[in-house]
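# An overview of the molecular structure
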Amino acid sequence: MASLDRVKVLVLGDSGVGKSSLVHLLCQNQVLGNPSWTVGCSVDVRVQDYKEGTPEEKTFYIELWDVGGSVGNASSVKSTRAVFYNSVNGIILVHDLTNKKSSQNLYRWSLEALNKDSSPTGVIISNGDYDREQFAENPVPLLLIGTKFDQIPENKRSEVLTRTAFLSEDFNAEEINLVTCFPLSLQMTGFTDRKRFNFKSLHYD
């Protein structure tokens, strides 16, 4: 029998970007009919066989931690979320492709999680940009997921995809873009060929 290892993956992003719907689909193979706001953190689980049928086969018990999307700066809010950021094996950053602010806020989310609410000294450089080297040296793999791709006007899609490509470069992350009501096959666009975040549960038979 294959060994069972626990993997903890954070799912971060603003409220309303589709985190809960994504987690429910990955773990339950069902579309979430009536998603509600997540308060605190919701945890769902997927059991995933890796390299099934080979000598390297291993079964992973994947915990997806859907963290509530409030972006308040209050120290009490950050300190409450900090308890979710321990012993993390991966981070999924989710943003709404029709909402530029939700994309910009991913820098805040990633820094908060990676620094566990400590002051990000040395990360933000003088011109207000983020130092890519911070993410290049980050041992926790990141996956960038954009939602609602089909809601972008066709004449704006190239501009949005260029922006998300810069995001994935900044985070040293793979990139996946999904349509609004993503089906069980998880319809994807713009999936990069980098394999640092080898998240096999994104595949369905």
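Per an unreviewed UniProt entry, the recorded name for the chain is Rab-like protein 3, and the organism is Maylandia zebra. The annotation that UniProt attaches to the chain under Sequence similarities (unreviewed entry) is "Belongs to the small GTPase superfamily. Rab family." A UniProt comment under Function (unreviewed entry) is attached to the chain, and it reads "Required for KRAS signaling regulation and modulation of cell proliferation. Regulator of KRAS prenylation, and probably prenylation of other small GTPases. Required for lymphocyte development and function. Not required for myeloid cell development."

### Focus: the pattern of salt bridges
Enumeration over the complete set of coordinates arrives at four salt bridges. Among the ionic pairs, Arg-81 bridges to Glu-112, the shortest N-O distance being 2.7 Å. Taken together, the residues span a long stretch of sequence, with Arg-81 in helix H2 (residues 75–82) and Glu-112 in helix H3 (residues 100–115) at a distance of 31 residues. A single burial state applies to Arg-81 and to Glu-112, both of which are buried.

### With respect to the side chain of Asn-177
One can find Asn-177 in strand E6 (residues 174–178). Overall, Asn-177 belongs to the buried group, its relative accessible area being 1%.

### Quick look at the nonpolar core
In terms of nonpolar packing, the biggest core is built from 19 residues, with Leu-10, Leu-12, Tyr-85, Ile-91, Leu-93 and Phe-171 touching the most fellow members. Elements represented by at least two residues in this core include exactly strand E1 (4–12), strand E3 (58–67), strand E4 (90–96), H3, strand E5 (142–147) and helix H5 (157–171). Per-element accounting of this core gives the leading share, four residues, to H3. Counting 16 residues, the second largest nonpolar core, distinct from the first, contains Val-7, Cys-27, Ile-62 and Leu-143.

Definitions and cut-offs
- Residues numbered from 1 in each chain as written.
- Predicted model: local features only at pLDDT ≥ 70, side-chain atom pairs only at ≥ 80, totals over all residues.
- Heavy atoms only, no water.
- UniProt positions renumbered as here; feature names shortened; annotations may be inferred.
- Salt bridge = Lys/Arg side-chain N within 4 Å of Asp/Glu carboxyl O.
- Helix = DSSP H or I, 4+ residues; strand = E, 2+ residues; numbered from the N terminus.
- Buried < 20%, exposed > 50% of the residue type's maximum accessible area, 1.4 Å probe, protein only.
- Core = buried A, V, L, I, M, F, W, Y, C linked by side-chain atoms within 4.5 Å.

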